[in-house]
Amino acid sequence: MMASPAPDHSGLDELDRRIVLATQDGLPVVSRPYAAVAAQVGCTEEAVRERLTQMLESGRIRRIGAVPNHYAIGYTANGMSVWNIDDAVIDPVGERVGALDFVTHCYRRPRHLPDWPYNLFAMVHAASREAALARVDEIAMLLEREFRGACKGRDVLFSAGILKKTGLRIAG
Amino acid sequence: MSETSTPGVAAPAASRRGLAATREPDATDRKLINALQGDFPLTETPFADVAAAVGLDEAEVIARVQAMLRDRVLTRFGPMFQIERMGGAFCLAAMAVPEAAWGEVAEAVNGFPEVAHNYRREHSLNMWFVLATERPEGIADVAGRIEAATGLPVHLFPKEKEYFVEMKLEA
């Protein structure tokens, strides 16, 4: 079912795991957050900073920082545009759409026929529904111009509310 | 996270808009949000370093980040783990939830620790959530348990290819 590359288990040792568990709800918002994590997991502050640095370098951490609530910072329209793209050109189409500066995420996913014919997902964030729809139209025009006939259908699913947003959570 | 004690905020799980922020960020908050979406320093006093870079003092940066988390202007602050690189898996999933059962189903789905995000969307498939598990085979297992708990089919949309992911938004 999963088409992702083989999982890499190397290097996530017991200390890494304890650091993940201690920080998956977030970093302590205090003057010395890494010292606070170190006190919690029972190692030195230096070790916490080293392990986090290694996890960043190996891609186990995408980044460290703030995740804003999209609505609160003015991106009230969060449109998940979905596209039914000819399999023969899905990858060049995905690369092209993903490179647009207003597309924040772009993935190929399986169709669920007959109800769900779409195989390309491109997330568009904008200040209004109209602006988001205009951007989706822009994608459609680009596809018609550069990949004539490859797009067999599309839809946009707007978000009507965040129900939960906690990020990764592994069991202790 | 403390989501229960803020006065005047509706119970989050069942409300239609979900976990809305309780206020708008001001200009200084916005400047901080933009500065904090980059690489948070891995130094002994990272908030002091951020403060120096944006022209505030450390205590104000810490107080503002705490306030933005409390008011849900920020949904998280900390490392964003890429679970696939730790041997685990993410999977987008969707369900068609009847309106009459909305609150109950949302509560049941959100109750699974494997559900990392959950959004209401305007479509017959109206509940879209992300499953995160420590092992790839955990996805099918939790999807089955959600189906058993809700009585509704869970459609899985595993990522077959990632073309682009941008984690930052200008505030």
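This structure is a prediction, so every number in the text was calculated from the model and none was measured.

### Points about the sheet that holds strand E3 (residues 115–121) of chain B
Taken together, the nine strands give an open sheet; going across it, the order is E5(B)-E2(B)-E4(B)-E3(B)-E5(A)-E2(A)-E4(A)-E3(A)-E6(B), and neighbouring strands pair in antiparallel fashion. Looking along the sheet, the strands with just one partner apiece sit at the ends: strand E5 (155–157) and strand E6 (161–165) of chain B. Along the sheet, successive strands turn relative to each other by an average axial angle of 25 degrees, direction set aside. Taken together, the five bridges between E3 of chain B and strand E4 (residues 127–133) of chain B define a ladder with antiparallel strand orientation. Each residue of the ladder has a partner; that of Tyr 119 of chain B, found in E4 of chain B, is Trp 128 of chain B.

### Considering the packing of aromatic side chains
For the structure shown, the criterion picks out ten aromatic pairs over all chains. For the ring pair Phe 40 of chain B and Phe 77 of chain B, a centre distance of 5.0 Å and an interplane angle of 90 degrees mean the geometry is edge-to-face. With Phe 40 of chain B in the loop between helix H1 (27–36) and helix H2 (46–54) and Phe 77 of chain B in strand E1 (residues 74–81), this residue pair connects regions lying 37 residues apart in the sequence. Relative accessible area serves as the criterion here: at 1%, Phe 77 of chain B is assigned to the buried category. Among the aromatic residues, ring-to-ring pairing joins Trp 116, Tyr 118 and Phe 121 of chain A together with Trp 128 and Phe 157 of chain B into one connected group.

### Considerations on the interface of chain B and chain A
Counting residues at the interface gives 86 residues for chain B and 82 residues for chain A. Counting the surface lost from both chain B and chain A, the interface buries some 8300 Å², and carbon and sulfur atoms represent 59% of this. There are seven salt bridges connecting chain B and chain A. Residue Arg 108 of chain A pairs with Glu 160 of chain B through a salt bridge whose shortest N-O separation is 3.4 Å. Top element by residues in the side of chain B that touches chain A is E1 of chain B. It accounts for eight residues.

### Overview of the nonpolar core
Core analysis: the biggest nonpolar cluster contains 40 residues, and Leu 52 of chain A together with Leu 32, Leu 36, Phe 40, Phe 47, Val 65 and Phe 77 of chain B have the highest contact counts within it. Those elements giving two or more residues to this core turn out to be helix H1 (14–23), helix H2 (33–41), helix H3 (45–57) and strand E1 (61–68) of chain A together with H1, H2, helix H3 (58–70) and E1 of chain B. For this core, the element with the most residues is H3 of chain B, which contributes five residues. Those residues in contact with Val 65 of chain B, other than ones at most four positions away along the chain, are Val 29 of chain A together with Leu 36, Phe 47, Leu 74 and Phe 77 of chain B. In this structure, Ala 77, Val 93, Ala 140 and Ala 150 of chain A belong to the second largest nonpolar core, which totals 25 residues.

### Here's the deal with H3 of chain B
For an α-helix, the turn length of 3.6 residues means that residues three or four places apart are oriented alike. Residues and elements named next belong to chain B. The first and last C-alpha atoms of H3 sit 18 Å apart over 13 residues, in line with the 18 Å expected at 1.5 Å per residue. Along H3, the residues that are buried comprise Val 61, Ile 62, Arg 64, Val 65, Ala 67, Met 68 and Leu 69. At its buried positions, H3 is contacted by H1, H2 and E1. Phi for Arg 72, located one or two positions after H3, is positive at around 60 degrees.

What counts, and at which threshold
- Residues numbered from 1 in each chain as written.
- Chains lettered and ligands numbered in written order.
- Predicted model: local features only at pLDDT ≥ 70, side-chain atom pairs only at ≥ 80, totals over all residues.
- Heavy atoms only, no water.
- Pairing = 2+ DSSP bridges.
- Helix = DSSP H or I, 4+ residues; strand = E, 2+ residues; numbered from the N terminus.
- Axes fitted to C-alpha atoms, helices over the stretch in contact; angles between N-to-C directions.
- Phe/Tyr/Trp six-rings, centres within 6.5 Å; stacked < 30°, edge-to-face > 60°.
- Buried < 20%, exposed > 50% of the residue type's maximum accessible area, 1.4 Å probe, protein only.
- Contact = heavy atoms within 4.5 Å.
- Buried area = accessible area lost by both parts, 1.4 Å probe.
- Salt bridge = Lys/Arg side-chain N within 4 Å of Asp/Glu carboxyl O.
- Core = buried A, V, L, I, M, F, W, Y, C linked by side-chain atoms within 4.5 Å.
- Expected span 1.5 Å × (residues − 1).

That is the geometry; function is a separate question.
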